[in-house]
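As a plain string of letters, each chain reads:
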Amino acid sequence: MAEQVFPTKGNLMKIKKSLELARTGFDLLDRKRNILVRETMALIDTAKEIQSLINVTYAKAYEALQAANVTLGLVDEMAAAIPVEHGLSIGYRSVMGVEIPSVGLHPTPRKNYFGYQSTSVQLDEAYARFDDVKRLTARLAEIENGVYRLAQGIRKTQKRANALKNIMIPRFETQVKFITDALEEKEREEFSRLKVIKKTLDA
């Protein structure tokens, strides 16, 4: 509290410096928050586009799969010939100190794993569309995780900014006013005392 600060010029200079640093810190946190919000909104827009594309691609994939099932019978055994994907890698990039995942997908090249003799164009189409979905899903996972981490970063930044704005800065301002008022009062008392001494000496 301001009343617990000893009113000296040294303390006044120290608290004024702390106040200046707190204001600078708040400005920086406010800018950081704005950048994180802009980045989040951009990712949300991209996520919506990719989700829409995934929905369309899934619809085409199931349509082609259904056509393949009609012409070839159930294609479960043929689908089992497609290898499991092992080309996924995860890295990170930093946005204003917030670690955002970067998902890389180096997929297995598209091949005809089930031969040409006993399959159809519909099965090839279904395979290609599901492969597209795989790539899009990897991208969507990266973006959605990025949005989650950015949202956490925004919350932490907002919390720190609020602490500076609502607690630290008002506290320092109160202390500066308390010390300034105390020093001014001390100067007035000193001035009055000197006037009395001067009047006494002149008498």
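Source: prediction; values computed, not measured. (Residues numbered from 1 in each chain as written. Predicted model: local features only at pLDDT ≥ 70, side-chain atom pairs only at ≥ 80, totals over all residues. Heavy atoms only, no water.)

Asker: Report on the overall build of the protein, specifying residues and quantitative values.
Answerer: A count of helices and strands for the protein gives three helices and two strands. Ordered by position from the N terminus, the helices and strands of the protein form the series α-α-β-β-α. Burial status across the protein gives 28% buried among its 203 residues. Long-range contacts, defined here as pairs at least 24 residues apart, represent 77% of the contacts in the protein between residues at least 6 apart. When the accessible area of the protein is evaluated, it comes to approximately 13,900 Å², of which 58% is carbon and sulfur surface. (Helix = DSSP H or I, 4+ residues; strand = E, 2+ residues; numbered from the N terminus. Buried < 20%, exposed > 50% of the residue type's maximum accessible area, 1.4 Å probe, protein only. Contact = heavy atoms within 4.5 Å. Areas by Shrake-Rupley, 256 points an atom, 1.4 Å probe, with all protein chains shown as cover.)

Asker: Help me get a handle on the pattern of salt bridges, residues and values and all.
Answerer: In this structure the tally under the stated criterion is 11 salt bridges. For D30, the salt bridge is made with R33, and the minimal N-O distance between the two is 2.1 Å. Of the two residues, D30 and R33 both sit in helix α1 (residues 9–72), three residues apart, roughly one turn of that helix. Under the relative-accessibility criterion, D30 is labelled partly exposed at 23%. For R33, a relative accessible area of 19% puts it in the buried group. R193 is paired through a salt bridge with E190; the nearest N and O atoms lie 2.6 Å apart. Residue R193 and its partner E190 are both found in helix α3 (residues 121–202); the two are separated by three residues, about one turn of the helix. (Salt bridge = Lys/Arg side-chain N within 4 Å of Asp/Glu carboxyl O.)

Asker: Before we move on, could you go through the layout of surface pockets and cite the residues and values that matter?
Answerer: Of the volumes computed, that of the second largest pocket is approximately 150 Å³. Lining of the second largest pocket is provided by K32, L36, V98, E99, R149, Q152, G153, K156, T157 and R160. Put simply, the parts of the chain that give the lining of the second largest pocket at least two residues each are α1, β2 (98–105) and α3. Here the element with the most residues in the lining of the second largest pocket is α3; it accounts for six residues. Looking at the lining of the second largest pocket, its residues break down into two nonpolar, three polar and five charged. (1 Å grid on protein atoms, 1.4 Å probe; cavity = no way out; pocket = protein on both sides within 12 Å on 5 of 7 lines; lining within 4 Å. Points joined across faces, edges and corners; volume = space filled by probe spheres on them. Nonpolar A, V, L, I, M, F, W, Y, C, P; charged D, E, K, R; others polar.)

Asker: Requested: an account of the environment of K60, with residues and values cited.
Answerer: The topology assignment puts K60 in helix α1. Judged by relative accessible area, K60 falls into the partly exposed class, the value being 48%. Distance from K60 to E125, taken between C-alpha atoms, is 8.7 Å for residues 65 residues apart in sequence.

Asker: How would you sum up the confidence of the model for the protein? Please name residues and give values.
Answerer: Averaged over every residue, the pLDDT of the protein is 86; the share at 70 or more is 87%. When pLDDT is averaged over each helix and strand of the protein, the minimum, 65, is found for helix α2 (residues 76–79) and the maximum, 92, for α1. (pLDDT = per-residue confidence, 0-100.)

Asker: Lay out the pairing of strand β1 (residues 88–95) in plain terms, naming residues and giving numbers.
Answerer: Strand direction decides the pairing type here: β1 and β2, joined by eight bridges, are antiparallel. Bridge pairing links S89 to G104 in β2. Hairpin geometry of β1 and β2 is characterised by an intervening segment of two residues between the two adjacent antiparallel strands and by a positive phi of about 50° at M96. (Pairing = 2+ DSSP bridges.)

Asker: Let's hear about the packing of α1 against α3: which residues, and what values?
Answerer: It is at 5 Å that the axes of α1 and α3 come closest, and there the two elements cross at 165°. On the basis of their axis angle, the class for α1 and α3 is roughly antiparallel. The two elements α1 and α3 cross, and the hand of that crossing is left-handed. Split into classes, the residues belonging to the contact of α1 with α3 amount to 39 nonpolar, 16 polar and 15 charged. (Axes fitted to C-alpha atoms, helices over the stretch in contact; angles between N-to-C directions. Parallel < 35°, antiparallel > 145°, perpendicular 65-115°, else oblique. Left-handed = near helix turned anticlockwise from the far one by under 90°.)

Asker: Explain the packing of aromatic side chains to me, and be specific about the residues and the numbers.
Answerer: By the definition in use, this model includes three aromatic pairs. Ring centres of Y58 and Y62 lie 5.8 Å apart, and the angle between their planes is 20°; this geometry places the pair in the stacked category. Within this pair, Y58 and its partner Y62 are both found in helix α1, separated by four residues, close to a single helical turn. Classification of Y58 as partly exposed rests on a relative accessible area of 32%. We classify Y62 as partly exposed; its relative accessible area is 48%. A centroid spacing of 6.2 Å and a plane angle of 70° characterise the contact between Y58 and F130, whose relative ring orientation is edge-to-face. One end of the pair, Y58, is in helix α1; the other, F130, is in helix α3, with 72 residues separating them in the sequence. Taken together, Y58, Y62 and F130 form an aromatic cluster joined through their ring pairs. (Phe/Tyr/Trp six-rings, centres within 6.5 Å; stacked < 30°, edge-to-face > 60°.)

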